[in-house]
Amino acid sequence: MDVRARQCSGDTQMFLCGQLIDGTGKAPLSDPQVIRVDEGKITGIGPAKDFKGTLGDWVDWSDFTVVPGYVDAHDHFHVMMGDTEAQGHLPDQEQILTGVRNARVMLQGGITTVRELCSPRGIDRFLRAAIEDGRIFGPRIVTSGAGIMRTGGHFWYVGMEADGPLAWRAAVRQQVKNRVDCIKIFITGGVADRDSVPQNVDVSREEIAAAIEEAHRLRRKVSAHLYGGIGADWALDAGLDIVEHGAYFTEDQLKRMSELGTWLVSTAGVMSMGAVEPGVPEEFALKFTATAKKYPETLRTARELGVKVALGTDLRHGRLDVEMKCLVEAGYTPLEAIKAATLSGAQVVGLQDEVGSIEVGKLADLAVIDGDPLEDIKCTGNVKYVVKGGQVYSVEVPARVISP
């Protein structure tokens, strides 16, 4: 597959949609709708008849379903599924090239905004700058810089090791100095390593509390790599904003999340991939398999209790459709799954006023898909065109321009 930029002529663009799903959870608009875009922002939405005579290009997507550009709340640009530790020791140049590849893949998958959640030595900032100035294709990036973990903790080879509450405070300050958008901390072990158990707490209660308090004082939200166990209780006590993974949370812990308004970013899809992907070390694959089996029950309980859920692809770059499928299989409706991949993701990354839904005043971020995702959620992976900030990208074939 290829991604090609296509700039419509003039400042006004008119996108004629078949079915329009706005990402807010509202029922879809099935009659042909027009999205008007001026200078990269949505300025009008309504039936085609209301826009007759409007100047500007009319792009005919009446055979497709149009949804908001997807928001991936958890990814690592520089790493592929496999032996992640070995990849983490590669030269920066190699990791940046992997990031360039994955940025393109994300855009192909309909992802227009992504949150990078642990990137070594400023790679996330390099990639963001290259995307913003047009040197490479990719989604807009929200950064966390290097995640903070204990010495030798999960993902230590790409993060910032620190020990003790004072060191964790200093690490938070260093990341804010680097102008990150949010703070990532590692509380439990992980699946993609050799020396830890996902449910086991990896750090002290005092370190967790110090990092969260310092981040909040510096006006940054905190995301935690956190699968469950006593570390989840400590983090919720300290005011954690966002749980990453959360597969082993108990019903009582999920209930607390619901009461506190704590977000859960589900990465269920990557677990099934890690269980079978060639090149994944056996000790990783066993943990991926166990976690994949546990996730559906956790997600069902989260839905029943009203936990706020967004989605992340983690190492399954570009495949937010797989994450939506996991939600539907756990009992979510297709509309709920699409909202989790769009507006909910935007709320998690702090850009809900700009992206995540098709509404007047927001950036024109759209994913144009073949098929009806309300009938079959897997259609969310059939992305034909992507619009990011009014810029049209053709995934397979040129867009068809019509006269109104």
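Conventions we followed
- Residues numbered from 1 in each chain as written.
- Predicted model: local features only at pLDDT ≥ 70, side-chain atom pairs only at ≥ 80, totals over all residues.
- Heavy atoms only, no water.
- Phe/Tyr/Trp six-rings, centres within 6.5 Å; stacked < 30°, edge-to-face > 60°.
- Helix = DSSP H or I, 4+ residues; strand = E, 2+ residues; numbered from the N terminus.
- Buried < 20%, exposed > 50% of the residue type's maximum accessible area, 1.4 Å probe, protein only.
- Lys NZ or Arg CZ within 6 Å of the ring centre and 35° of its normal.
- Expected span 1.5 Å × (residues − 1).
- Contact = heavy atoms within 4.5 Å.
- Salt bridge = Lys/Arg side-chain N within 4 Å of Asp/Glu carboxyl O.

S.K.: Account for the packing of aromatic side chains, with residues named and values stated.
M.R.: This structure, assessed with the given rule, holds seven aromatic pairs. Consider the rings of Phe 137 and Tyr 393, whose centres lie 5.4 Å apart with planes at 85 degrees: the pair is edge-to-face. Within this pair, whereas Phe 137 is found in the loop between helix 3 (123-132) and strand 8 (140-143), its partner Tyr 393 is found in strand 18 (residues 391-394), the two being separated by 256 residues in sequence. Seen in terms of ring centroids, Trp 156 and Tyr 157 are 5.7 Å apart; in terms of plane orientation they differ by 80 degrees. Their pairing is edge-to-face. According to the relative accessible area criterion, Trp 156 is partly exposed, its value standing at 32%. Judged by its relative accessible area of 7%, Tyr 157 is buried. One aromatic cluster is present, formed by Phe 15, Trp 61, Phe 64 and Tyr 385 through successive ring pairs. It is Arg 303 that lies over the ring of Tyr 332; its NZ or CZ is 5.8 Å from the centre.

S.K.: If you had to explain helix 5 (residues 205-217) to someone new, which residues and values would you point to?
M.R.: In this model helix 5 runs 18 Å from its N-terminal to its C-terminal C-alpha over 13 residues, within 8% of the 18 Å that 1.5 Å per residue would give. For helix 5, the set of buried residues is Glu 207, Ile 208, Ala 210, Ala 211, Ile 212, Glu 214 and Ala 215. Here the buried face of helix 5 lies against helix 4 (165-177), strand 11 (183-186), strand 12 (222-228) and helix 6 (230-238). Backbone geometry just after helix 5 places Arg 219 at a positive phi near 60 degrees.

S.K.: Describe the pattern of salt bridges, listing the residues and the values that go with them.
M.R.: It is possible for side chains bearing opposite charge to pair when their charged atoms get close. Enumeration according to the criterion identifies 24 salt bridges in this entry. Two residues, Lys 49 and Asp 50, come together in a salt bridge whose shortest N-O distance is 3.3 Å. On the basis of relative accessibility, which here comes to 63%, the residue Lys 49 falls in the exposed class. Linking Arg 115 and Glu 244 is a salt bridge whose minimum nitrogen-to-oxygen distance equals 2.7 Å. Of the two residues, Arg 115 is situated in strand 7 (residues 111-116) and Glu 244 in strand 13 (residues 242-248); the sequence distance between them amounts to 129 residues. The pair formed by Arg 115 and Glu 244 is uniform in burial state, with each residue classed as buried. One connected set of salt bridges, linked through shared partners, spans Arg 169, Arg 173, Glu 213, Glu 214 and Arg 217.

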